[in-house]
Amino acid sequence: MSNVWNKNIYRQEQEAFVSGHGGTTSREVIYAIMPNICSILLTTTTMGLLGRVIHKNIRVVLEFALIVIPSILCCTILSEYIITVCCAMMVISIINILLLGLNSNTLSTYNIKSACGKRPFITNFRALISIITAICILAIDFHIFPRKFAKTEVFGYSLMDTGVGLFILANALVAPEAKDFAPRSRIGFFLTISRNIKHSARSCIPLLILGFGRSVAIEVLGYQKHVTEYGIHWNFFITLAFVKLFTSSITSTINSKYSLLSGIWILGMHEYILSTKGLKEWVLSNRPRNDFVSANREGVVSVPGYVGLYLIGVAVGRLIHSTYQNSYAQNSLQHRHKTFHIKLFGYEFDASYNESMILCIKLSLISAQTCAATLFCDSYFRVSRRLANAGYCMWILTLGVMILTLLLLIEILSDILIHATTDTEHTERRTRTHRMNVKSKRESVSDGNERNVIKNTIEIFEAVNYNGLLFFLLSNLTTGGINMLVRTLHVNQLRALQILIAYMAVNITSVLLLYRKQVQIKL
């Protein structure tokens, strides 16, 4: 009896430890994510120096050391020194760039472009979101994780609040609707919607099974839960299932080229109903949770917000994919550079640009617009992750598009370095280098499969994206196992760091092995 009593007391302590927080400022959330972006530049330049020298397994260890470990440190014990960490990463990256400039042969063989139309900056964005989320869901149970990064109880900004929103945005960027530019054949309205709803419902069943299975497991095991996060029975997997169902139904009846207008309209109506029909007060109140809807009111009410966010994310994805749709020759991996002539104060200049540079400007303008929308919404409606209101969705769009812009800048920088250090007069040497690249691509994946990305991409990112939902599920299961075995509230700093690093190593190694065997498990 005493053991059960102690267990219940500890569970209450854990629930209190992750509840009731007010978050931090939007600026601190951006600061917390910046080291992850700087680490990609550091990894890209470091691998450019070492790419052909080291074994692929050592490459993965270096990627883990340069990307995952700094993420863990900056979310925990180095959270007050993030700017210093970023500056150190940038200085080392600049040194690497200078060394790369001295060795043009090394850099010219380090081509970050990917095959089959995949964009490295989108790959990096999706993987970063998954990795940061995986770190935070366990780190929050330790004292080394700052409470300002924990999920907000009512309104405000926090690092963990961004997880579900950015995950949905990342999925929208690569959704079929974001890549579909072919004209649709006109068939019956009711036939179209019924067929798509049936297909979506079938694909949502595994997510619903995972979601409700997780709820049952939590009740059986007596695991702690944060009720005001989604509700008593609701969780991320159920939200994802309903968002998938509703967005598929909408895009089956309304052409995806109107997804921006559809998303804005849904967010506007969602905010209107929240503000005028008493729904906001009901969700945020302490009223009894005596039926399924009231027990899970946060999860139920937030679905329209995530649907609107997803549709706007599809519009951003369409912008990105349409930019590159005709930008490559059929068998070329290089950008088509365009040149324009400038005459200024009697001096004449020739400047070249490509589609990535144009897209970078477009994304920065979108980020500025969504930032203004976030400030407006925050002034009138505030930002609430529990409601997934217009302010929260605009904040997620601002943050997501800003990250995409910075990752694209890194890609442009790498592209410029490649062109700047490759001797254009020696076409024979470039042809030979290209052949070596093609050979290295074939060797980067398992035997019998030659349709993957270039070896010199970040392999742990490719692995995480290859089984994205499985990686998240595995992270949840591992987090639960650690919490069942270890009293995380009583662990010291060093021990907590060791557990976090080992936890991420296990998760990434698992999906990496599946990736190298080309085993994809779709949930």
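By the naming in an unreviewed UniProt entry, the protein is Phosphatidylinositol-glycan biosynthesis class W protein, taken from Habropoda laboriosa. A UniProt comment under Sequence similarities (unreviewed entry) is attached to the protein, and it reads "Belongs to the PIGW family." For the protein, the Pathway (unreviewed entry) comment in UniProt is given as "Glycolipid biosynthesis; glycosylphosphatidylinositol-anchor biosynthesis."

Right, let's talk about the packing of helix α19 (residues 459–466) against helix α21 (residues 493–516) for a bit. The relative placement of two packed helices is expressed as an angle between their axes plus a distance between the axes. Running from N to C, α19 and α21 cross one another at 85°; their axes reach a closest spacing of 8 Å. The angle between the axes of α19 and α21 places the two elements in the roughly perpendicular class. When α19 is examined against α21, the residues E459, I460, E462, A463, V464 and Y466 are found in contact with a partner set consisting of I508, V511, L512, Y515 and R516. The class makeup of the residues in the contact of α19 with α21 is 8 nonpolar, no polar and 3 charged.

This part takes up the state of the cysteines. By definition, a disulfide is the covalent link that joins the sulfur atoms of two cysteine residues. A complete count under the given rule lists 0 disulfides for this structure. Its sulfur unpaired, C74 is 6.5 Å from the next cysteine sulfur, which belongs to C86. Using a relative accessible area of 1% as the deciding quantity, one classes C74 as buried. The cysteine C377 is free of any disulfide, with C393 supplying the nearest cysteine sulfur at 9.2 Å.

On to the packing of helix α6 (residues 120–139) against α19, then. Interaxial distance between α6 and α19 falls to 9 Å at its minimum, and their mutual angle equals 75°. Our classification of the angle between α6 and α19 gives roughly perpendicular. Each of T123, N124, R126, A127, L128, S130 and I131 in α6 lies in contact with α19, whose residues at this interface are F461, E462, V464 and N465. Of the residues in the contact of α6 with α19, the class split is 5 nonpolar, 4 polar and 2 charged.

For helix α12 (residues 259–276), which comprises 18 residues, the first-to-last C-alpha distance of 25 Å matches the rise-based estimate of 26 Å (1.5 Å per residue) to within 8%. Residues of α12 that are buried: S259, S262, G263, I266, L267, H270, E271 and L274. End-on, the buried residues of α12 take up no more than an arc of 160°, which puts them together on one face. Exposed side of α12, more than 90 degrees from the buried face: L261 and W265 are the residues found there. Downstream of α12 by a residue or two, G278 has a phi angle that is positive, lying close to 75°.

Following the criterion strictly, the structure yields 14 aromatic pairs and no others. Plain terms: the ring middles of Y157 and W395 are 5.0 Å apart, the flat faces sit at 85° to each other, and that makes the pair edge-to-face. Here the residue Y157 occupies a position in the loop between α6 and α7 (162–173), and W395 occupies one in helix α17 (residues 390–421), the gap between them amounting to 238 residues. You'll find Y157 and W395 in the same group, each marked buried. Ring geometry for F167 against F236: centres 5.1 Å apart, planes inclined by 85°, an arrangement best described as edge-to-face. Here F167 is found in helix α7, whereas its partner F236 is found in helix α11 (residues 236–253), with 69 residues between them in sequence. Members of the aromatic cluster, each reached through a chain of ring pairs, are F167, F236, F237 and F472. Across the ring face of Y324, the terminal group of R119 is positioned such that the distance to the ring centre comes to 3.9 Å.

The next subject is the layout of surface pockets. The volume enclosed by the second largest pocket comes to roughly 1000 Å³. Elements that contribute at least two residues to the lining of the second largest pocket include exactly α1 (2–17), α6, α7, α9 (189–221), α10 (227–230), α11 and α20 (468–485). In terms of residue count, α20 provides more of the lining of the second largest pocket than any other element does, 8 residues in total. Each residue belonging to the lining of the second largest pocket can be placed in one class, and the counts come to 26 nonpolar, 14 polar and 7 charged. When we break the lining of the second largest pocket down by domain, the ones giving at least three residues each are domain 1 (24–149 + 458–522) and domain 2 (174–401).

Per the UniProt record, "transmembrane region" (unreviewed entry) is annotated on residues 29–50, 62–83, 89–112, 124–145, 157–176, 299–320, 392–413 and 496–515. As a span, residues 299–320 carries 100% helix and 0% strand, and end to end its C-alpha atoms are 31 Å apart. The span residues 392–413 is 100% helical and 0% strand by assignment, and the distance between its end C-alpha atoms comes to 32 Å.

What counts, and where the lines are drawn
Residues numbered from 1 in each chain as written. Predicted model: local features only at pLDDT ≥ 70, side-chain atom pairs only at ≥ 80, totals over all residues. Heavy atoms only, no water. UniProt positions renumbered as here; feature names shortened; annotations may be inferred. Axes fitted to C-alpha atoms, helices over the stretch in contact; angles between N-to-C directions. Helix = DSSP H or I, 4+ residues; strand = E, 2+ residues; numbered from the N terminus. Parallel < 35°, antiparallel > 145°, perpendicular 65-115°, else oblique. Contact = heavy atoms within 4.5 Å. Nonpolar A, V, L, I, M, F, W, Y, C, P; charged D, E, K, R; others polar. Disulfide = S-S within 2.5 Å. Buried < 20%, exposed > 50% of the residue type's maximum accessible area, 1.4 Å probe, protein only. Expected span 1.5 Å × (residues − 1). Arc of directions from axis to C-beta. Phe/Tyr/Trp six-rings, centres within 6.5 Å; stacked < 30°, edge-to-face > 60°. Lys NZ or Arg CZ within 6 Å of the ring centre and 35° of its normal. 1 Å grid on protein atoms, 1.4 Å probe; cavity = no way out; pocket = protein on both sides within 12 Å on 5 of 7 lines; lining within 4 Å. Points joined across faces, edges and corners; volume = space filled by probe spheres on them. Domains from an automatic or database assignment.

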